[in-house]
Each structure stands twice: as C-alpha cells, then as structure tokens.
Amino acid sequence: MSVSNPEDTLRNIVRSKIVFRALRHVVKRVESFNSGRFPVAIELVGLGGSALLAEDVGDIDVVLGCSVKREYVAEWKSFKRLLHEKLGELWLIITEVSSRRGRATIDAIISEYYDRLRELGFKDWWIREWFRWLRV
C-alpha cells in the first residue's frame, strides 16, 4: 500500500491537532539532524501513548528509529573524548558567559568563544555540526 500523505493516514488514528503540530516540528528537527554529519541517521518516527486515539493529549511520546553512519563514528568518538577532556575549561567559559548574560547559551558560547574552542582542539566542522546541538 502506498501512502501519499502520512497525515491523511494518521487522521484515522490520531485525534488531537496538537499531535500533528508536534510531528511537523519533529520532522523538521529530524531533517535538520539528518543533514548533519552525525554518526547516526533517524530513519523512522513513531508515536505512542496518549497521542494515539486520545483527543486530550497530556504528552506526546515520540519513538525514533536510527541507523549508524559508520563514516562519522571515529570523528564522533574523538569529539566526545575532547568534550570530556576539556570539560573544566568549557565550564569556565560557561560561567563567564553566564556572569555577563545571566544564562549561557550554546549560541553565545560559539559566537563569543569560537577561537577559544578551536584552541581547545575542536575542529571547525565539529563546532558547526555538533557543538551547536549541545545544551548548557
């Protein structure tokens, strides 16, 4: 069976409009994630819990199916290792940004300390592709 529009199929199961809004958001985030050089790709997005069949949804349980992109695994391991090794220095950057701005964000850290991140050993594309997904 071919499905031209997944929303048409889901309308028979999902009754809450907020679930469709949330799914559109998830799909946009998945597309953004998959366009990067992460060691995994999200291939499937599923729903569970009250999002199925309930009109009054408390929360939306999203299930993701992933596969490995082997070409990025070694780089990812190096990135993670460097994050752990430089945690103390990164913490100093976070607290410095927080003291000036009230709350540090990853975007502020990248824009204000890009050169410092490079000095710590982070590659340009690691900062662009992976560092921006971190949360502080």
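Every value quoted in this text rests on a predicted model; they were computed, and no experiment measured them.

> Help me understand the nonpolar core in this model?
Taken as a class, soluble globular proteins show a tendency for nonpolar side chains to be buried jointly. One finds Ile109, Leu117, Phe122 and Phe131 to be the most contacted residues of the largest nonpolar core, which totals 27 residues. Taken together, the elements giving at least two residues each to this core come down to helix H2 (17-34), helix H3 (73-85), helix H4 (87-101), helix H5 (106-119) and helix H6 (124-129). Examining the composition of this core, we find that six residues originate from one element, H5, more than from any other. Apart from residues no more than four positions distant in its own chain, Leu117 is found in contact with Leu90, Ile109, Ile110, Phe122, Ile127 and Phe131. Among the nonpolar cores identified, the runner-up in size contains six residues, and Val14, Val19, Phe20 and Val57 belong to it.

> What should I look at first to understand the side chain of Lys69 in this one?
Along the chain, the position of Lys69 falls in the loop between strand E2 (61-68) and H3. Although Lys69 is buried, it makes no salt bridge; Glu71 carries the closest opposite charge, 5.8 Å away. Side-chain polar atoms of Lys69 contact the backbone oxygen of Asn34, separated by 3.4 Å. Apart from the residues lying within four places of it in its own chain, the contact partners of Lys69 are Asn34, Gly36, Phe38, Pro39, Val40 and Ala41.

> How do you make sense of the packing of H4 against H5 when you look at a structure like this?
What describes two packed helices is the angle between their axes and the distance between those same axes. The interhelical angle for the contact between H4 and H5, taken along N-to-C directions, is 140°, at an axis separation of 11 Å. The angle between the axes of H4 and H5 places the two elements in the oblique class. Taken as a pair, H4 and H5 cross one another with a handedness that is right-handed. Of the residues in H5, those touching H4 at Glu89, Leu90, Ile93, Ile94, Glu96, Val97, Arg100 and Arg101 are Ala108, Ile109, Glu112, Tyr113, Arg116 and Leu117. Each residue belonging to the contact of H4 with H5 can be placed in one class, and the counts come to eight nonpolar, no polar and six charged.

Each value, and the rule that gives it
Residues numbered from 1 in each chain as written. Predicted model: local features only at pLDDT ≥ 70, side-chain atom pairs only at ≥ 80, totals over all residues. Heavy atoms only, no water. Core = buried A, V, L, I, M, F, W, Y, C linked by side-chain atoms within 4.5 Å. Buried < 20%, exposed > 50% of the residue type's maximum accessible area, 1.4 Å probe, protein only. Helix = DSSP H or I, 4+ residues; strand = E, 2+ residues; numbered from the N terminus. Contact = heavy atoms within 4.5 Å. Lys, Arg positive; Asp, Glu negative; His and termini not counted. Salt bridge = Lys/Arg side-chain N within 4 Å of Asp/Glu carboxyl O. Polar contact = N/O pair within 3.5 Å; in protein donor to acceptor, adjacent residues only side chain to side chain. Axes fitted to C-alpha atoms, helices over the stretch in contact; angles between N-to-C directions. Parallel < 35°, antiparallel > 145°, perpendicular 65-115°, else oblique. Left-handed = near helix turned anticlockwise from the far one by under 90°. Nonpolar A, V, L, I, M, F, W, Y, C, P; charged D, E, K, R; others polar.

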